[in-house]
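Close look at the chain arrangement
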Amino acid sequence: MNDFLDVTLLAVLQGVAEFLPISSSGHLVILQHLLEVPESIRMRLEIFLHAGTLASIFIFYAREIWTIVQ
């Protein structure tokens, strides 16, 4: 497992699949299996990938969120 390349590939898949009408989590599980990501880090990796997606949504919609909160 080439850590940087594998995580980058998983992050790109998460970023693309999250906004399509498909299961981004399912694709992550399949790709992690194909890349032979160790079982011990899979859950943490998925949490960080989903947290990255959530952070990007907050950044993208920051003005709209701020308007709603005020």
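You'll find the structure just up there.
Bear in mind that the values here come from a model prediction, so they are computed numbers and not experimental data.

Comments concerning the environment of N2
Relative to the helices and strands, N2 is located in the segment before helix 1 (3-17). Between the C-alpha atom of N2 and that of L28, which follows or precedes it by 26 residues, the distance is 16 Å.

Concerning the nonpolar core
One finds L10, L28, L31, V37, L45 and L49 forming the largest nonpolar core, which totals six residues. Of all the elements in the fold, those that place two or more residues in this core are helix 2 (24-34) and helix 3 (39-60). Once you skip the residues sitting within four places of it in the chain, L49 turns out to touch L10, A11, Q14 and L28.

A look at the packing of aromatic side chains
Here the structure, examined in full by the defined rule, presents one aromatic pair. The interplanar angle of 85° and the centroid separation of 4.9 Å between the aromatic rings of F60 and Y61 together place this pair among those described as edge-to-face. You can call Y61 partly exposed: its relative accessible area is 40%.

What counts and what doesn't
Residues numbered from 1 in each chain as written. Predicted model: local features only at pLDDT ≥ 70, side-chain atom pairs only at ≥ 80, totals over all residues. Heavy atoms only, no water. Helix = DSSP H or I, 4+ residues; strand = E, 2+ residues; numbered from the N terminus. Core = buried A, V, L, I, M, F, W, Y, C linked by side-chain atoms within 4.5 Å. Buried < 20%, exposed > 50% of the residue type's maximum accessible area, 1.4 Å probe, protein only. Contact = heavy atoms within 4.5 Å. Phe/Tyr/Trp six-rings, centres within 6.5 Å; stacked < 30°, edge-to-face > 60°.

So, to be careful, I would describe these as geometric facts and stop short of saying anything about function.
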